[in-house]
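If you want the building blocks of each chain, they are given just below.
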Amino acid sequence: MNLVLKTVLQRLGLGLITLFAVSIIIFSSLQMLPGGYAQNILGQGATPETVKNFNHELGLDRPATVRYVEWIGNAVRGDFGNSYSGTTGTIKRSVSAIIGPRLFNTFFLASMAAIIAVPLSLALGLLAALYRNSWYDRIINSVTLTTIAMPEFFIAYILVFVFAVKLRWFSPLSTVGEHTPFLEHIYRAALPALTMTLVIVAHMMRMTRASVLNLLSSPYIEMAQLKGASKAYVILRHALPNAWAPIATVVAFNLAYLVVGVVVVEVVYVYPGIGQMMVDAVSSRDMPVVQACALIFAATYITLNLLADIISITTNPRLLHPK
Amino acid sequence: MANDTKRVKGDILLEIKGLKIDGKSDDQWKPIIKGIDLTLRRGEVLGLIGESGAGKSTLGLAAMAFARPGCRITAGTIVFDGMDLTAADEAQKRGLRGSRIAYVAQSAAASFNPAHRILEQTIETAITHNIMPREKAETDARDLYKRLQLPNPDTIGTRFPHQVSGGQLQRAMTAMSMSCRPDLIIFDEPTTALDVTTQVEVLAAMRNIVEQFNTAAIYITHDLAVVAQMAHRIMVLRYGNLVEEAPTREMLKQPTQDYTKSLWAVRKLEKPESPNSDIVLSINHVDASYGGKVKVLDDVSVQVPRGRTVAVVGESGSGKSTLARAITGLLPISAGDISFNGKKLSRALIDRDRDTLRRIQMIYQSADTALNPRQRVRDIIGRPLEFYLGLKGADRDRKVVSLLESIELDETYIDRFPSELSGGQKQRVSIARALAAEPELIICDEVTSALDQIVQEEILKLLMKLQKDTNVTYLFITHDIATVRAISDEIVVMHKGKVVQQGLKSKVLNPPYPAYTELLLSSVPEMDPDWLTNLLKKRAKA
């Protein structure tokens, strides 16, 4: 157990270092974007003078290193600064206040999709392994491959067409607000969640199938068969416990995608998530918002991968129970 | 548990008639078992012996009505205790497997599921087949561990497979097979992966428990001396046919078929030793380790005389392969020095000049992995000719052909890929590749261990002939005492990283022995069917 704790702490430390490195990359690459918030807001006709004043007001005329240190120092304390665009006169809107509800919506949608997609793809993958090369296996493989091959917006439009336009079960727009009741929220987010499920199921399902099948030629699988175990028992009890590591990695990767890669789906359904907001913030050069979003995305990736690592370690008896 | 009153010794338990099994290779079905009859009575142990590809494992599994993927039973009947298994459905066969017919696999380390505890796997069949309640099965498993003389029988079951040694795991697997008190156990090369000293204990434990429960068994192996200890009757298989069948003692005394006789061959091969005081390689007080903590070589000193064969023997983990890596410089030593032709060798490979590299060559155990599968024989042997001797084009090819001749392959082999060669031919090509550099010392690391007996004999004869022709020196690493007897002039015995004994063959293989040499030599199975019984008696007395 000690060893596991040590490894987890090590990975956690490594994750923090990665996050720090990512923050530098985010900050410096945003510096390289042409134009700035001032030019953007003041338009073509702005004189250099007004731009300069504007930048001074925002503190943008100070050196980049100073601004970085200030930003990261505050971010560590949970303060992501104030949004440029939310600031009018003396009223300032903090980045956290802007991002908060959006982030909640994104995580809400991601969780919904994950709760459907992960068990579904595990079950489909195990069934495909169990009945490999059967009709079921072939059909499930081609269907999931088709959904992964189609762009998300296309799947989204098909779902809208079928479920919103033809069947009228759902609204084509998934607008939610802060005061939307929980069940109503689930109902409105159903179509986007379904879209994302279709996009990620294939990858996870195929990995489950492959990692289980990969083990089926192991001597201990043959031994289990020679001990009179049924096919399903062999797969669930003897193959699956040894297959968690690669499955967890792919699941983590796809869950991260649910948070950071959903902007297209959000746009189609007009769902107020963080992806759409980040795109808006980039085009208006609202740097504090962009930086905060990027940092949240990076943290999501790192956390989920850390979780996958922990699963790999705790399902490996060699690490969990050393000699 | 099966009904004990039914277990009358001598009743026919298993009867296989006209069995044919096909295997798929290159998308074609080819016969593996070509019509074999087999009868096994209750309480009888039948030995199946043959070389790789003889079909012995396939036949053993067929007794459980199990065909590996890519195999199919095409003809014949398998009647187990009055039930025709070829006509039985999957559920019926599953009901028998593990409970009435059990299997003990070659590598226990690979055949135990790494994710579950040993006890859990031992009693698995008893639980899933509803043969006994969990508590009873657990108590019984602990009792079996005790009977098989496993250390800490009450707690060893709570461990995971990677936490116990190979020999212990093999005994745990025997306990697993015994859990439901089967009528029949298939032992498939159960001791092949073990060291000789461990093998003795495992053989004794297995024989003992089979006798105690009056279980019938099929014992599959390629080692005649081992099967002589275990079996009442022996069947010799070759290419899926039965060559000869007889009670054990009869078979050992007078084998009637030439093939059976040839299986003895290596054991009879013996070269007279000849001393030489001209030392080509001198290893002095060498230490080496992987990563620094545990010394894998501990103060090792070995003198290798020119033009002779020095055999390094020891069990797995004794440091013999590490010694080879230290000499070649693959693993830089941490203390001591190694001199070659009187000159000190640089510790690391990278600091040695090309001519030094040329003079020391290596041949590996597995020619399958040591030869590049995408290169033709021409390039495999030609590469060292180019690299060390600067030969090119027609000159190079001429030399390759003459090397092929020296390893007794004709020039048509020059354009073949390794996959188009047999196991023995591949090892010959490895030898030619080493010879191409015109070395003074060749380190042979278990070069015959993966080969069948007859092929082993051919390779050993070839190596001896080449030594006579070129006066090359061999450092021959092996765990097999028969091979050592066959080819060595001098012997180095290693144990836990130290040299236990070294000297001329006649000295090391004859008493008085140091304790470890004694243990090692006495553990090598002999053709005498009473060998194991006598050895155990002797050890019990001491």
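Structure: see above.
Note that this is a predicted model, so its numbers are computed, not measured. (Residues numbered from 1 in each chain as written. Chains lettered and ligands numbered in written order. Predicted model: local features only at pLDDT ≥ 70, side-chain atom pairs only at ≥ 80, totals over all residues. Heavy atoms only, no water.)

1. Quick notes on the layout of surface pockets
Turning to step 1, where the next piece is worked out: Within this model, the largest pocket holds a volume of roughly 1,200 Å³.
Turning to step 2, where the next piece is worked out: In terms of lining, the largest pocket is formed by 47 residues, of which the most central are T192, H222, S449, Q456 and H479 of chain B.
Turning to step 3, where the next piece is worked out: At the level of secondary structure, the elements contributing two or more residues to the lining of the largest pocket comprise α1 (56-62), α8 (196-212), β8 (216-221), α12 (265-268), α18 (423-436), α19 (453-470) and α20 (481-487) of chain B.
Turning to step 4, where the next piece is worked out: Taken together, the residues that form the lining of the largest pocket break down as 13 nonpolar, 22 polar and 12 charged.
Turning to step 5, where the next piece is worked out: When we break the lining of the largest pocket down by domain, the ones giving at least three residues each are domain 1 (11-264) and domain 2 (279-526) of chain B.
Turning to step 6, where the next piece is worked out: Reported here for the second largest pocket is a volume of approximately 880 Å³.
Turning to step 7, where the next piece is worked out: If you trace the second largest pocket, you find 33 residues lining it, with L58, G59, L60, Y84 and P288 of chain A closest to the centre.
Turning to step 8, where the next piece is worked out: For the lining of the second largest pocket, the secondary structure elements donating two or more residues are α1 (2-31), α2 (37-42), α3 (48-58), α4 (64-76) and α14 (287-314) of chain A.
Turning to step 9, where the next piece is worked out: Among the residues making up the lining of the second largest pocket, the classes are represented as 12 nonpolar, 14 polar and seven charged. (1 Å grid on protein atoms, 1.4 Å probe; cavity = no way out; pocket = protein on both sides within 12 Å on 5 of 7 lines; lining within 4 Å. Points joined across faces, edges and corners; volume = space filled by probe spheres on them. Helix = DSSP H or I, 4+ residues; strand = E, 2+ residues; numbered from the N terminus. Nonpolar A, V, L, I, M, F, W, Y, C, P; charged D, E, K, R; others polar. Domains from an automatic or database assignment.)

2. Focus: a nonpolar patch on the surface
All names here are of chain A.
Turning to step 1, where the next piece is worked out: Taken together, the side chains of F153, F154, Y157, I158, F161, V162, V165, L167, W169 and V264 present a nonpolar region at the surface, about 900 Å² in accessible area.
Turning to step 2, where the next piece is worked out: Considering every element that reaches the nonpolar patch, the biggest residue donor is helix α7 (residues 152-166), with seven residues.
Turning to step 3, where the next piece is worked out: Summarising the element assignment, V162 is placed in helix α7. (Patch = residues over 30% accessible without salt bridge, like charges linked within 9 Å, V, L, I, M, F, W, Y side chains within 5 Å. Areas by Shrake-Rupley, 256 points an atom, 1.4 Å probe, with all protein chains shown as cover. Salt bridge = Lys/Arg side-chain N within 4 Å of Asp/Glu carboxyl O.)

3. A look at the packing of α18 of chain B against α19 of chain B
Residue and element names in this part refer to chain B.
Turning to step 1, where the next piece is worked out: Contact geometry for α18 and α19: axes closest at 10 Å, N-to-C directions at 20 degrees. With respect to their mutual orientation, α18 and α19 come out roughly parallel. The handedness of the crossing between α18 and α19 comes out as right-handed. Packed against α18, whose contacting residues are G424, Q427, R428, I431 and L435, the element α19 presents V455, E458, I459, L462, L463 and L466 at the interface.
Turning to step 2, where the next piece is worked out: Tallied by class, the residues present in the contact of α18 with α19 amount to seven nonpolar, two polar and two charged. (Axes fitted to C-alpha atoms, helices over the stretch in contact; angles between N-to-C directions. Parallel < 35°, antiparallel > 145°, perpendicular 65-115°, else oblique. Left-handed = near helix turned anticlockwise from the far one by under 90°. Contact = heavy atoms within 4.5 Å.)

4. Here's the deal with the packing of aromatic side chains
Residue and element names in this part refer to chain A.
Turning to step 1, where the next piece is worked out: Tallied over the entire structure, the rule returns 12 aromatic pairs over all chains.
Turning to step 2, where the next piece is worked out: A ring pair is formed by F27 and Y68, whose centres lie 5.3 Å apart and whose planes are at 70 degrees; its orientation type is edge-to-face. Here F27 is found in helix α1, whereas its partner Y68 is found in helix α4, with 41 residues between them in sequence. We note that F27, like Y68, is buried.
Turning to step 3, where the next piece is worked out: Between F163 and W169, the aromatic rings sit 5.7 Å apart at their centres with planes inclined by 40 degrees, giving tilted as the arrangement. (Phe/Tyr/Trp six-rings, centres within 6.5 Å; stacked < 30°, edge-to-face > 60°. Buried < 20%, exposed > 50% of the residue type's maximum accessible area, 1.4 Å probe, protein only.)

5. Overview of unusual backbone geometry
Turning to step 1, where the next piece is worked out: Looking along the chain, the bond that leaves P511 of chain B and enters P512 of chain B is cis, with omega of 5 degrees.
Turning to step 2, where the next piece is worked out: Residue position: P512 of chain B is located in the loop between α21 (505-508) and α22 (515-522).
Turning to step 3, where the next piece is worked out: Of note, V270 of chain A is a non-glycine position whose phi angle comes to about 50 degrees, a positive value.
Turning to step 4, where the next piece is worked out: Of note, V270 of chain A is situated in the loop between α12 (263-269) and α13 (274-283).
Turning to step 5, where the next piece is worked out: On the basis of relative accessible area, V270 of chain A is assigned to the partly exposed category, the value being 36%.

6. Focus on the pattern of salt bridges
Residue and element names in this part refer to chain B.
Turning to step 1, where the next piece is worked out: Taken as a whole, this structure holds 45 salt bridges over all chains when the rule is applied.
Turning to step 2, where the next piece is worked out: Among the salt bridges present, the one from R428 reaches E408, with a minimum N-O distance of 3.1 Å. On the criterion of sequence distance, the pair formed by R428 in helix α18 and E408 in the loop between α17 (393-406) and α18 is long-range, its members being 20 residues apart.
Turning to step 3, where the next piece is worked out: In the salt-bridge network here, residues are joined through shared partners; they are D278, R306, D355, R358, R359 and E440.

7. Comments concerning the pairing of strand β17 (residues 441-445) of chain B
Residues and elements named next belong to chain B.
Turning to step 1, where the next piece is worked out: With five of its five residues buried, β17 lies for the most part within the structure.
Turning to step 2, where the next piece is worked out: On β17, burial covers both faces: L441, I443 and D445 on one face and I442 and C444 on the other are all buried.
Turning to step 3, where the next piece is worked out: Pairing analysis gives five bridges linking β17 to strand β18 (residues 473-478), with the strands arranged parallel. In the strand pairing of β18, C444 is matched with F476.
Turning to step 4, where the next piece is worked out: Crossover β17 to β18 through α19 is right-handed. (Pairing = 2+ DSSP bridges. Right-handed = clockwise from strand over helix to strand, strands pointing away.)

8. As for the side chain of T322 of chain B
Turning to step 1, where the next piece is worked out: By the element assignment, T322 of chain B lies in helix α13 (residues 320-328).
Turning to step 2, where the next piece is worked out: Leave out the neighbours within four places in its chain, and T322 of chain B touches Y290, V296, L297 and L331 of chain B.

9. Concerning the nonpolar core
Turning to step 1, where the next piece is worked out: In terms of nonpolar packing, the biggest core is built from 93 residues, with L14 and L184 of chain B touching the most fellow members.
Turning to step 2, where the next piece is worked out: Looking at this core, the element that brings in the most residues is α8 of chain B, giving seven residues.
Turning to step 3, where the next piece is worked out: Those residues within four positions of L14 of chain B in sequence are excluded, and the remaining contacts are L38, T39, L40, A63, I78, V79, F80, L184 and I218 of chain B.
Turning to step 4, where the next piece is worked out: Counting residues in hydrophobic clusters, the runner-up holds 86 residues, among them I155, A156, L191 and V262 of chain A. (Core = buried A, V, L, I, M, F, W, Y, C linked by side-chain atoms within 4.5 Å.)

10. A short note on the environment of T248 of chain B
Residue and element names in this part refer to chain B.
Turning to step 1, where the next piece is worked out: In this structure, T248 sits in helix α10 (residues 248-253).
Turning to step 2, where the next piece is worked out: Along the chain, T248 and P529 lie 281 residues apart, while their C-alpha atoms are 7.7 Å from each other.
Turning to step 3, where the next piece is worked out: Dropping the residues within four chain positions of it, T248 is found in contact with A228, A231, H232, R233 and I234.

11. Concerning the environment of G82 of chain B
Turning to step 1, where the next piece is worked out: For G82 of chain B, the location among the structural elements is in the loop between β4 (71-80) and β5 (83-84).
Turning to step 2, where the next piece is worked out: For G82 of chain B and S179 of chain B, which are 97 residues apart along the polypeptide, the C-alpha to C-alpha distance reads 23 Å.

12. Notes on the interface of chain A and chain B
When the parts of a complex come together, some accessible area is lost, and that lost area is often taken as the interface size.
Turning to step 1, where the next piece is worked out: Chain A puts 20 residues into the contact, and the matching count from chain B is 29 residues.
Turning to step 2, where the next piece is worked out: For the pair chain A and chain B, the two sides together bury roughly 2,300 Å², of which 58% comes from carbon and sulfur.
Turning to step 3, where the next piece is worked out: Where chain A meets chain B, there are three salt bridges.
Turning to step 4, where the next piece is worked out: Here E222 of chain A ties to R68 of chain B by a salt bridge, and the two come within 2.7 Å at their closest N and O atoms.
Turning to step 5, where the next piece is worked out: Where chain A meets chain B, there are 13 residue pairs in polar contact (both at pLDDT 80 or more).
Turning to step 6, where the next piece is worked out: Counting only elements with at least two residues in the side of chain A that touches chain B, the list comes to α9 (219-226), α10 (231-239) and α15 (317-320) of chain A.
Turning to step 7, where the next piece is worked out: Here the element with the most residues in the side of chain A that touches chain B is α9 of chain A; it accounts for six residues.
Turning to step 8, where the next piece is worked out: Considered class by class, the residues forming the side of chain A that touches chain B number nine nonpolar, six polar and five charged. (Buried area = accessible area lost by both parts, 1.4 Å probe. Polar contact = N/O pair within 3.5 Å; in protein donor to acceptor, adjacent residues only side chain to side chain.)

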